Amino acid sequence: MQKIYMNALKGLFIIASFFLSCEKDNSVVNQEPMQEQGLLDYVPENYDLILKDDFTSFNRENWSKGMTNDIDPTIRMIWNRKTGGEYLLNDSYAGYLIDENVYIQNGHLYLDNKKETLQGTDPVGIFDYTTGWINSLQKINFNGTQNSIYIEIKAKFPKGDKVWPAIWLIDDSEVRSWPPEIDIWEYFGKYFNTVNSDQMYMRFIYGKWYDHDNHSVAIENFQEDYNASDDWHIYGFQWTNNTMNWFINGEEVHTKTKGVQVKDEDWPNQPMCFVINNGLMTVVEEGNTVFPNSLVLDYLEVYQEN
């Protein structure tokens, strides 16, 4: 009888332990910090990782600093012939590009804006600010229309009236024309002084250099809603043969559809590469902008539909 009693107690203990362990497991699964630990998976089904950069070092196989390929200087972005040069895209930007404003620290990529006076050589002039840019010309490129891609970036965006950071895609074919341009995430402290709120733009520019158009959608009061300069968020972008989709922390925030927002003939169909930059707007006063400020990336991943 004693043996039966002991076995019964043992059984009750096992059952209680089982339920306690289930309760414990459920509490772990539901904890929000999992997102900070990178445990939530926002990647679309049937997509395979083709590139990952954790920014433990500056990988020159993936990136060049500035607007020019660091191996072949003839491979470069198209800057304005009258107001731009190798270290300034055009005079809408106030910051002169220098390599020192691009660096790795504690496993993060920093692109800095600094307030400092500098004598520029290309273009020639005195500049009151410096900034950091990188590109992946002829190093990382893809054509989402031919093979659907998904990009995921964990980042912090700077804040302040004058700031103008962006993560965008440009033509990386042999023609290397402009447009097209896909502004995946383009942040304005104040959009050319036309609005009082800060805005995060999701934009596609298309057409011809002399006759271009764009479809743009902006999230207003972005810092207020996302606290994007202090909090890490996961910014996703998917490009397929008929849609472009934008995501923040797995939530879709915008879609452009071929034949709806963008005409069929204007849909991009060429390899495109990354441009990632901090920036400052010439026409906007400093206002509440604090220097230095940084666009910070924790990781960048590119997936392709298998």
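Quick look at the structure, then. (Residues numbered from 1 in each chain as written. Predicted model: local features only at pLDDT ≥ 70, side-chain atom pairs only at ≥ 80, totals over all residues. Heavy atoms only, no water.)

## Remarks on the overall build of the chain
Here's step 1: Counting its secondary structure elements, the chain contains three helices and 18 strands.
Here's step 2: Taking all 306 residues of the chain together, 49% fall into the buried category.
Here's step 3: When the accessible surface of the chain is split by element, carbon and sulfur atoms take 48% of a total near 15,600 Å². (Helix = DSSP H or I, 4+ residues; strand = E, 2+ residues; numbered from the N terminus. Buried < 20%, exposed > 50% of the residue type's maximum accessible area, 1.4 Å probe, protein only. Areas by Shrake-Rupley, 256 points an atom, 1.4 Å probe, with all protein chains shown as cover.)

## Observations regarding the packing of aromatic side chains
Here's step 1: Inspection of the entire model under this criterion finds 27 aromatic pairs.
Here's step 2: Ring geometry for Trp-164 against Phe-192: centres 5.8 Å apart, planes inclined by 70°, an arrangement best described as edge-to-face. With Trp-164 in the loop between strand 9 (149-156) and strand 10 (166-171) and Phe-192 in the loop between strand 11 (181-188) and strand 12 (199-208), this pair connects stretches of sequence that are 28 residues apart.
Here's step 3: What makes Trp-164 buried here is its relative accessible area of 6%.
Here's step 4: Given the relative accessible area of 33%, Phe-192 is considered partly exposed.
Here's step 5: Here Phe-188 and Tyr-201 contribute two aromatic rings whose centre-to-centre distance is 5.4 Å and whose plane-to-plane angle is 80°, an arrangement assigned as edge-to-face. Of this pair, Phe-188 sits in strand 11 while Tyr-201 sits in strand 12; the two residues are 13 residues apart in sequence, bridging distant segments of the chain. The same class applies to Phe-188 as to Tyr-201, namely buried.
Here's step 6: These aromatic residues form a ring-pair network of at least three members: Tyr-93, Trp-133, Trp-164, Trp-168, Phe-188, Tyr-191, Phe-192 and Tyr-201.
Here's step 7: Seen from the ring of Tyr-299, Lys-52 lies directly overhead, with NZ or CZ sitting 5.0 Å from the centre.
Here's step 8: The ring centre of Phe-58 lies 5.1 Å from the NZ or CZ of Lys-65, which sits over that ring. (Phe/Tyr/Trp six-rings, centres within 6.5 Å; stacked < 30°, edge-to-face > 60°. Lys NZ or Arg CZ within 6 Å of the ring centre and 35° of its normal.)

## Here we look at the environment of Ile-140
Here's step 1: Along the chain, Ile-140 falls in the loop between strand 7 (133-135) and strand 8 (141-142).
Here's step 2: With 131 residues separating them in the primary sequence, Ile-140 and Pro-271 have C-alpha atoms 9.4 Å apart.
Here's step 3: When near neighbours in sequence (up to four residues on either side) are disregarded, Ile-140 contacts Leu-51, Asn-62, Trp-63, Asp-172, Met-272, Cys-273 and Phe-274. (Contact = heavy atoms within 4.5 Å.)

## With respect to the pairing of strand 17 (residues 272-277)
Along any regular strand the residues' side chains alternate between the sheet's two faces.
Here's step 1: Most of strand 17 is tucked away: six of the six residues are buried.
Here's step 2: Summarising the sheet, strand 7 and strand 17 pair through three bridges and their orientation is antiparallel. Paired with Trp-133 across the two strands is Asn-277, which belongs to strand 17.
Here's step 3: Relative to strand 17, strand 8 runs antiparallel, the two sharing two bridges. Note on strand 17: the bridge partner recorded for Asn-141 is Cys-273.
Here's step 4: In terms of strand pairing, strand 10 meets strand 17 through six bridges, oriented antiparallel. Among the inter-strand pairings, Ile-170 is bridged to a residue of strand 17, identified as Cys-273. (Pairing = 2+ DSSP bridges.)

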